[in-house]
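# An overview of the molecular structure
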4 protein chains.
Amino acid sequence: MSETKKIPWRTRLHEIIYEADTPAGKLFDVILFIAIILSIILVMLESVNSFDDKYHEFLNISEWVITILFSFEYIARIITVKRPIKYITSFYGIIDLLSTTPKYISLLFGGIHALAALRALRLLRVFRILKLVRYLGASNMLVSALKASRAKISVFLFAVLILAIIFGTLMYLIEGEESGFTSIPTSVYWCIVTLTTVGFGDIAPITPAGQLLATIIMVLGYGIIAVPTGIVSAEYTSQNKNNILRKKNKVALNSQSCAYCLAENHKDGAKYCHQCGHGLHP
Amino acid sequence: MSETKKIPWRTRLHEIIYEADTPAGKLFDVILFIAIILSIILVMLESVNSFDDKYHEFLNISEWVITILFSFEYIARIITVKRPIKYITSFYGIIDLLSTTPKYISLLFGGIHALAALRALRLLRVFRILKLVRYLGASNMLVSALKASRAKISVFLFAVLILAIIFGTLMYLIEGEESGFTSIPTSVYWCIVTLTTVGFGDIAPITPAGQLLATIIMVLGYGIIAVPTGIVSAEYTSQNKNNILRKKNKVALNSQSCAYCLAENHKDGAKYCHQCGHGLHP
Amino acid sequence: MSETKKIPWRTRLHEIIYEADTPAGKLFDVILFIAIILSIILVMLESVNSFDDKYHEFLNISEWVITILFSFEYIARIITVKRPIKYITSFYGIIDLLSTTPKYISLLFGGIHALAALRALRLLRVFRILKLVRYLGASNMLVSALKASRAKISVFLFAVLILAIIFGTLMYLIEGEESGFTSIPTSVYWCIVTLTTVGFGDIAPITPAGQLLATIIMVLGYGIIAVPTGIVSAEYTSQNKNNILRKKNKVALNSQSCAYCLAENHKDGAKYCHQCGHGLHP
Amino acid sequence: MSETKKIPWRTRLHEIIYEADTPAGKLFDVILFIAIILSIILVMLESVNSFDDKYHEFLNISEWVITILFSFEYIARIITVKRPIKYITSFYGIIDLLSTTPKYISLLFGGIHALAALRALRLLRVFRILKLVRYLGASNMLVSALKASRAKISVFLFAVLILAIIFGTLMYLIEGEESGFTSIPTSVYWCIVTLTTVGFGDIAPITPAGQLLATIIMVLGYGIIAVPTGIVSAEYTSQNKNNILRKKNKVALNSQSCAYCLAENHKDGAKYCHQCGHGLHP
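As the structure is a prediction and not an experimental result, all values here were calculated from the model.

Cut-off values and rules
Residues numbered from 1 in each chain as written. Chains lettered and ligands numbered in written order. Predicted model: local features only at pLDDT ≥ 70, side-chain atom pairs only at ≥ 80, totals over all residues. Heavy atoms only, no water. Least-squares fit on C-alpha atoms with pLDDT ≥ 70 in both. Contact = heavy atoms within 4.5 Å. Helix = DSSP H or I, 4+ residues; strand = E, 2+ residues; numbered from the N terminus. Buried < 20%, exposed > 50% of the residue type's maximum accessible area, 1.4 Å probe, protein only. Polar contact = N/O pair within 3.5 Å; in protein donor to acceptor, adjacent residues only side chain to side chain. Buried area = accessible area lost by both parts, 1.4 Å probe. Nonpolar A, V, L, I, M, F, W, Y, C, P; charged D, E, K, R; others polar. Phe/Tyr/Trp six-rings, centres within 6.5 Å; stacked < 30°, edge-to-face > 60°. Core = buried A, V, L, I, M, F, W, Y, C linked by side-chain atoms within 4.5 Å. Salt bridge = Lys/Arg side-chain N within 4 Å of Asp/Glu carboxyl O. Axes fitted to C-alpha atoms, helices over the stretch in contact; angles between N-to-C directions. Parallel < 35°, antiparallel > 145°, perpendicular 65-115°, else oblique. Expected span 1.5 Å × (residues − 1). Patch = residues over 30% accessible without salt bridge, like charges linked within 9 Å, V, L, I, M, F, W, Y side chains within 5 Å. Areas by Shrake-Rupley, 256 points an atom, 1.4 Å probe, with all protein chains shown as cover. Arc of directions from axis to C-beta.

## Describing the relation of the copies chain D and chain A
Once turned by 90° and shifted 0.0 Å along the axis, chain D lies on chain A with an RMSD of 0.1 Å. Expressed as a symmetry operation, the mapping of one chain copy onto the other fits a four-fold axis. Little of the interface of chain D is mirrored in chain A, where only 18% of its interface residues are also at the interface.

Here you go:
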């Protein structure tokens, strides 16, 4: 009977950490969400020299608090899951580990600059929480529209790249090094800056011939911007129609997560995991 | 009978100020429209130093004239409405008050710089007048198309923000402070400038690795510009279809405004307010 | 019988100048087209100082040749039309006159700078010729799609303008004069540069608060770029459908032009002008 | 019988070089693809001065290796084709020759700068390989959508050009030479930079009147960006529908290439070339 008591304890923790249907689970997600956002803001503020000089001690302590909090959460996640290896090697398991380690590493090797990037990965953790929330349907549609037009967009991007290399080489030959077109890679970079209508202006043609070619590149870029838009637009419209059809036989999903295989998107009232067949807690 | 005489006076004023079906009401709206536009131009001109130095006295007097005119209008609006509290606490009531006060405040505390913003709020008043006019249908369609795609656009903007933070951090690590990427927030700002294809050029990558990453960011920005366009386009097309269907059972609306609850969009020939049941004047 | 001989002479000239169905009419249009393009290139080259210094004499003579050619054409157009007043006061009549006069005016008053603009108007004459040519259908569709979405685009542009004024005022208050936001009009100008994703970079925010607001403006600009695209896209798609329907009961039009009222777009085989009832020459 | 032995040798080589259905053919295409990409990277690296100074010898040798490899391939292509003249004068035949010659020319005349452009043409060879591969359907759809909207896009680009010339002339008159608007061609160039929302910022208006006109140009550019998008979008949507219809009576194509006339896109199981009637090898 003590066995049955112990299981509810872990099951309850599992419910709190991995799901969002109970009040405690929702509260946990909200706190985690705030902690993630705070940790990102800390990473940003630390990089601002004038701020770091003044509040270095505060930033250091806050970072330790966040790190310890994330460490506890990581351990709790491993404990409550039935198959820890599966969690540790999953995408979110790796992100969780990487989000926790930077401060420990800095303890060993000193404050390495590149650790900031590791810490920025914490942002990816936000997706885990958001996955469970309200915009699910909308983002699914976006993603499936993008997936459907992936091949066409690849062709398009490849064509843009080839255009950029050809025009970049031409601009390099026409403009020369005085205008900033110092090499073909730089010239190709400028060409993409122009084709995408970003136009920094750090490099700009100054010879009449260069300006004429630039004009052609710009009008071309302006023209081809229509292509990906047209593709996604058409793809999205058809997705929209399919979606309406699908809504008719839609089922309600809850935020339960299988304790064995981490599978999600279970039907409301499902008793067994649709991926591994283990029982779900009620 | 003097009672019935008194009511027509307030009712007539109410009709002039709040509605646009009578010639007097239309004239009032036109004058108000011109006054609002003039007051906005005054705010703008005052900020131009060379202009303000020359015509300071003229600007000051004009501002007083506008302020007094708006004050009278505000008082008239309160008087003619049956429930003044409802008007005062409504959105337009607050805008009207804020539009009037800046000059009085400057009298007390001197010409504070920030009052210009308060005065710019007057522009919002234009919407009240325009609400009654011709582009009603068109703008309603726009607004409802935007509303329908709100969730999808939120997902999209959130994704753009996360991309900007991740790429911004990477650019900060790659480029360093020489190129202007002085901190992660600055780097994220640059990243949004680039993703949206604005490209000021005040900050621009100079290292080959930075330019390569910038290229990826730009092409990405170029690619994802298609997404909101596709969303709105699809949403708008379906709105367009619905609109054609709806037009068949369309009713004529007039510009009457209930004197009790300020409700608008009454059907032509309606005798009672569709919101509070009070009688409308004929 | 001499009367009938004289009429064919003017009728034939009318056919050559105003129409494009005969070989002579086509030749005239091609020559005129080349002359117009040449005259535009001359205006451009004259403005390039280094070119004008070297070839001033050549440019001067060429300009005289073009001017005299256009003068003869203008006179011929007046002579061959039955109602010269109607032609002279028509849109193209005025453009034709203005295109001819600059050189004569410069003879009287010397080379005024602003005459270049007058000469650039010649470009508008190209439309007259193109009207008669191949892309007729395509451009008609474009124009009618734009016309149909005119009201919606007006609402949209008005909203953009109001956004620009409100955000421009805020940026002026936040950034101050050090960053180039010297006045509200300048600030509004910057705001439109940013909203439209042009981004010159001559003015750019430097304070963190300013950069944050700029970020919001940019993302907004990025979002609302979808709106006009969606409008035109939807409008154009429906135009496309209507066009296919209309093609079934399409009639062949020729390039004849009524010698009395200048009306065009006559049906193939029409004997009388559909506007004024005068007979058309066969 | 030796005759029948000799033919298979050439036929087999033809299959390897021109087709991609056999393992050897696929391997050849992959090696060629890598060689082309490497040769393009070499051209780029050679233009980077700092890199060229260090690794000049390595670049020189690599270029010779690539050149000799391409030469052998060119000769093999001529040998295996039944009608060499047809191949040599075809588009890809000329590209193949031009891709091979630059190094030989530099041997005769020394390292001419412009040869880099010739070498960049190698990139076009990539299309030959890609033609045979997976994105065939997607790119065909893109190309046919662009072709269908060619006339409309031409009208649009012509209108943009005329707008740019008219506004460019006006900006030249308003701004003058202090702001960088030194001539009408420069001004037109700036106008296209602005209309296409590229916005380099190397030239920017500084007078109030110039900034006002710039605002109009930008909003116009922002508005008309919707036009080509709408066109391609509508065209693409209808292409999409046609494509679905067409898929029902679709046939499987293989990558065989006729040894006589170089025609491709043969049906699976076809025995004779659909262009010249010669037998295809099985």
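## Some remarks on the side chain of Thr67(C)
Residue and element names in this part refer to chain C. Structurally, Thr67 is set in helix H3 (residues 49–80). Judged by relative accessible area, Thr67 falls into the buried class, the value being 0%. Polar contacts involving the side chain of Thr67 include one to the main-chain carbonyl oxygen of Glu63, which spans 2.8 Å. If near-sequence neighbours (up to four positions away) are discounted, Thr67 is found in contact with Thr100, Lys103, Tyr104 and Arg122.

## Considering the interface of chain D and chain A
With 44 residues of chain D at the contact, the number on the chain A side is 42 residues. Carbon and sulfur atoms supply 77% of the area that chain D and chain A bury against each other, a total of about 3,700 Å² over both sides. Our count for the chain D to chain A interface comes out at 1 residue pair in polar contact (both at pLDDT 80 or more). Elements represented by at least two residues in the side of chain D that touches chain A include exactly helix H2 (23–47), helix H7 (115–120), helix H8 (123–131), helix H9 (136–148), helix H10 (150–175), helix H11 (184–195), helix H12 (208–224) and helix H13 (226–247) of chain D. Broken down by element, the residue count for the side of chain D that touches chain A peaks at 7 residues, all from H13(D). Of the residues in the side of chain D that touches chain A, the class split is 30 nonpolar, 13 polar and 1 charged.

## With respect to the relation of the copies chain B and chain C
The transform that puts chain B on chain C rotates by 90° and translates by 0.1 Å along the axis, for an RMSD of 0.1 Å. Mapped onto chain C, only 18% of the interface residues of chain B are again interface residues, and the two copies thus contact each other with different surfaces.

## Brief notes about the packing of aromatic side chains
Following the criterion strictly, the structure yields 24 aromatic pairs over all chains and no others. Taking 6.0 Å as the distance between ring centres and 45° as the angle between the ring planes, the aromatic pair formed by Tyr74(C) and Tyr87(C) counts as tilted. Pair noted here: Tyr74(C) is in helix H3 and Tyr87(C) is in helix H4 (residues 84–88), with a separation of 13 residues, a long-range link. We classify Tyr87(C) as buried; its relative accessible area is 1%. Members of the aromatic cluster, each reached through a chain of ring pairs, are Phe181(A), Trp190(A) and Phe200(D).

## Brief notes about the nonpolar core
Core analysis: the largest hydrophobic core is formed by 177 residues, its most contacted members being Trp190(A), Trp190(B), Trp190(C) and Trp190(D). If we skip the residues at most four places from it in the chain, Trp190(C) touches Phe200(B), Met171(C), Phe181(C), Ile203(C), Ala204(C), Pro205(C), Ala214(C) and Ile217(C).

## A few points about the interface of chain B and chain C
Facing 44 residues of chain B, the contacting portion of chain C comprises 42 residues. Of the roughly 3,700 Å² buried between chain B and chain C, counting both surfaces, carbon and sulfur atoms make up 77%. Counting the contacts that link chain B with chain C gives 0 salt bridges. Along the contact surface separating chain B from chain C lie 1 residue pair in polar contact (both at pLDDT 80 or more). Residue assignment for the side of chain B that touches chain C shows that the elements contributing at least two residues are helix H2 (23–47), helix H7 (115–120), helix H8 (123–131), helix H9 (136–148), helix H10 (150–175), helix H11 (184–195), helix H12 (208–224) and helix H13 (226–247) of chain B.

## A closer look at the packing of helix H11 (residues 184–195) of chain A against H2(D)
The interhelical angle for the contact between H11(A) and H2(D), taken along N-to-C directions, is 105°, at an axis separation of 7 Å. If you check the angle between H11(A) and H2(D), you find them roughly perpendicular. The segment H11(A) lies against H2(D), with Ile184(A), Pro185(A) and Val188(A) engaging Val43(D), Met44(D) and Ser47(D). A per-class count over the contact of H11(A) with H2(D) returns 5 nonpolar, 1 polar and no charged.

## Notes on H10(B)
Between its first and last C-alpha, H10(B) extends 36 Å over 26 residues, near the 38 Å set by a 1.5 Å rise per residue. Once H10(B) ends, the next one or two residues include Gly176(B), with phi positive near 75°.

## Considering unusual backbone geometry
Apart from glycine, the bulk of residues carry a negative phi angle, and the bulk of peptide bonds sit in the trans form. Residues and elements named next belong to chain A. Look at Thr197: it is not a glycine, yet its phi comes out positive at around 60°. Checked against the element boundaries, Thr197 lands in the loop between H11 and helix H12 (208–224). The exposure class assigned to Thr197 is buried, which follows from its relative accessible area of 1%.

## So, a nonpolar patch on the surface
Taken together, Val30(A), Ile34(A), Ile37(A), Leu38(A) and Ile41(A) make up a surface patch of nonpolar side chains, about 400 Å² in accessible area. As for its placement among the helices and strands, Leu38(A) is situated in helix H2 (residues 23–47).

## Side note on helix H5 (residues 91–100) of chain C
Those residues of H5(C) not exposed but buried are Tyr92(C), Gly93(C), Ile95(C), Asp96(C), Ser99(C) and Thr100(C). For H5(C), the angular spread of the buried residues around the axis is 165°, confining them to a single face.

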